[in-house]
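Structural characterization, general
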Amino acid sequence: MVPFNAPGAIGREMQYVQEAAHSGHLAGDGPFTKRCEERLKGVLDASRVLLTTSCTHALEMAALLLRVGPGDEVILPSFTFVSTANAFVLRGATPVFADIRPDTLNIDEAALPSLITPRTRAIVVVHYAGIGCAMDRIMALAGSHGIPVVEDNAHGLFGTFAGRPLGSFGALSTMSFHDTKNFTCGEGGALAVNDPALIERAEILREKGTNRSRFFRGEVDKYTWLDLGSSYVPSEMLSAFLLGQLEEHERIQSARERIFRRYGDALRAWAALQGVDLPHVPDDCGPAWHLFYVRLPGLEARQRFIAHMKSCGSHCLFHYLPLHISPMGRQFGGRPGRCPVSERASDELVRLPFFTLMTESDQSQVIDAALAFRT
Ligand SMILES: *Cc1c(COP(=O)(O)O)cnc(C)c1O
């Protein structure tokens, strides 16, 4: 069986984990954490990057940093992972679900003006599959209303829009280093702070509401409770593994690009004949090569495709169930029909096996199986 995902060490991960284990410093914010943060800061040209225990936690920090609270509204795409919404709902805010564009499956910037109200406290975007949202229009619109933008950049690290890194547009952006992402340490994440005014409080929230970060830098002679906060610092063991991955970013991204392009080239003619859509990359987007999907014409064909692929030894997966029709989303006024593009994409989309260490022969098996399918 070709698995859907198969994460693994590809560089110095194990060497660094051993070094961390023998260093006498297993907690967070040691040398490995700092080296990961510096690398990511360089990639994004961010004011500050803080490693976190997950992307979910980085999103929770974003909600705290923007002082989102009860009565506030946060606009986000319905077609995303629950954490994009939950982080803000935890603060008492109301999620306002935006539909997605049919071509990129990213938040539909044309739908935003009608969703903005005087209570809108943030707009959260997701660069689905690592292909950028229309950040020019989104930033212009948000800026004209004075609304901060948060990029949930779980898919988009090393992707670009108009030549600029995804994750560098919003006041804040978040990354995931979960098993399923391009770069992993099993469970992990990061918060990029692009607005320097938010750096000091970000450090405090991440350190249980204390100024321990400044204390460790010798800037204050004791540390104390200053604000809300929680425990969002990952252990050095995880940072050590992650550093091994980040150092190999060129190899990882070029392997993934090759897999993505081969799927596209091999499936294009079949897809056109069968009425199947493949990922669309707008001209101004440099993809992060996070995932490859095919879009079947309808739920029935999609289910048959997944079963067919399984019988041929390839593990394929559908993706997000739209948040606006989830039991929780309905509590915020979500109803079927409100985000029709999200609903259709959710029914029709299948993700093909896609991982950095995927072999050519594994990929050939997936491709041959797909080419044998008739809608
Ligand atoms: C994976 C993912 C997350 C959550 O990441 P964790 O690191 O597992 O918390 C959030 N948003 C999106 C869009 C994701 O794909």
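From a predicted model like this one, the values you see are computed outputs, not experimental measurements.

Next up on the list: the pattern of salt bridges. Enumeration according to the criterion identifies 23 salt bridges in this entry. Notably, a salt bridge pairs Glu207 with Lys208, separated by 3.2 Å at the nearest N-O pair. Classification of Glu207 by relative accessible area gives buried; the value is 3%. The partner of Arg304 in a salt bridge is Glu300, and the shortest N-O contact between them spans 2.7 Å. You can see Arg304 and its partner Glu300 sitting in helix α10 (residues 299–311), four residues apart, about one turn around the helix. The structure contains a network of salt bridges with shared partners spanning Asp29, Lys34, Glu37, Arg48, Glu200, Glu203, Arg206, Arg214, Arg217 and Glu219.

With that settled, consider the sheet that holds strand β6 (residues 160–161). Strand order in the open sheet formed by three strands is β7-β6-β10, with antiparallel pairing between adjacent strands. Looking along the sheet, the strands with just one partner apiece sit at the ends: β7 (164–165) and β10 (285–286).

What follows is about the nonpolar core. Residues Val74, Phe88, Leu172 and Leu191 are the most contacted members of the largest nonpolar core, which totals 33 residues. Among the elements of the structure, α3 (55–65), β2 (73–77), α4 (82–89), β4 (120–126), β9 (189–193) and α6 (199–206) are those that each provide at least two residues to this core. In contact with Leu172, not counting residues within four places along its chain, are Ala62, Leu65, Leu66, Val149, Val150, Glu151, Leu191, Ala192, Val193 and Leu198. By size, the runner-up hydrophobic cluster in this structure holds 28 residues, among which are Tyr263, Met358, Val366 and Ile367.

For the rest of this paragraph, the subject is the domain arrangement of the protein chain. Under the domain assignment used here, the protein chain contains domain 1 (13–247) and domain 2 (249–371). The gap between the C-alpha centroids of domain 1 and domain 2 is 25 Å. The interface is formed by 42 residues belonging to domain 1 together with 34 residues belonging to domain 2. Counting every contact that joins domain 1 to domain 2 gives zero salt bridges. Linking domain 1 to domain 2 there are 17 residue pairs in polar contact (both at pLDDT 80 or more). Of all the secondary structure elements, the ones that give two or more residues to the side of domain 1 that touches domain 2 are β2, α4, β3 (94–98), β6 and α8 (236–247). Residue contributions to the side of domain 1 that touches domain 2 peak at four residues, all from β3.

With mixed pairing, the seven strands of this open sheet are ordered in space as β1-β9-β8-β5-β4-β2-β3. Where the open sheet ends on each side, the last strands, each with one partner, are β1 (48–52) and β3. Here the average twist between neighbouring strands, direction ignored, is 20 degrees. Bridging between β2 and β4 involves three bridges; their strand directions are parallel. If you follow Ile75 over to β4, its bridge partner there is Ile123.

Time to look at the pairing of β4. Counting buried positions over the seven residues of β4 gives six, a clear majority of the element. The sheet contact formed by β4 and strand β5 (residues 149–152) spans four bridges and is parallel. Along β5, the bridge assignment pairs Val124 with Val150. For the segment spanning β4, helix α5 (residues 135–145) and β5, crossover handedness is right-handed.

Definitions and limits used
- Residues numbered from 1 in each chain as written.
- Predicted model: local features only at pLDDT ≥ 70, side-chain atom pairs only at ≥ 80, totals over all residues.
- Heavy atoms only, no water.
- Salt bridge = Lys/Arg side-chain N within 4 Å of Asp/Glu carboxyl O.
- Buried < 20%, exposed > 50% of the residue type's maximum accessible area, 1.4 Å probe, protein only.
- Helix = DSSP H or I, 4+ residues; strand = E, 2+ residues; numbered from the N terminus.
- Pairing = 2+ DSSP bridges.
- Core = buried A, V, L, I, M, F, W, Y, C linked by side-chain atoms within 4.5 Å.
- Contact = heavy atoms within 4.5 Å.
- Domains from an automatic or database assignment.
- Polar contact = N/O pair within 3.5 Å; in protein donor to acceptor, adjacent residues only side chain to side chain.
- Axes fitted to C-alpha atoms, helices over the stretch in contact; angles between N-to-C directions.
- Right-handed = clockwise from strand over helix to strand, strands pointing away.

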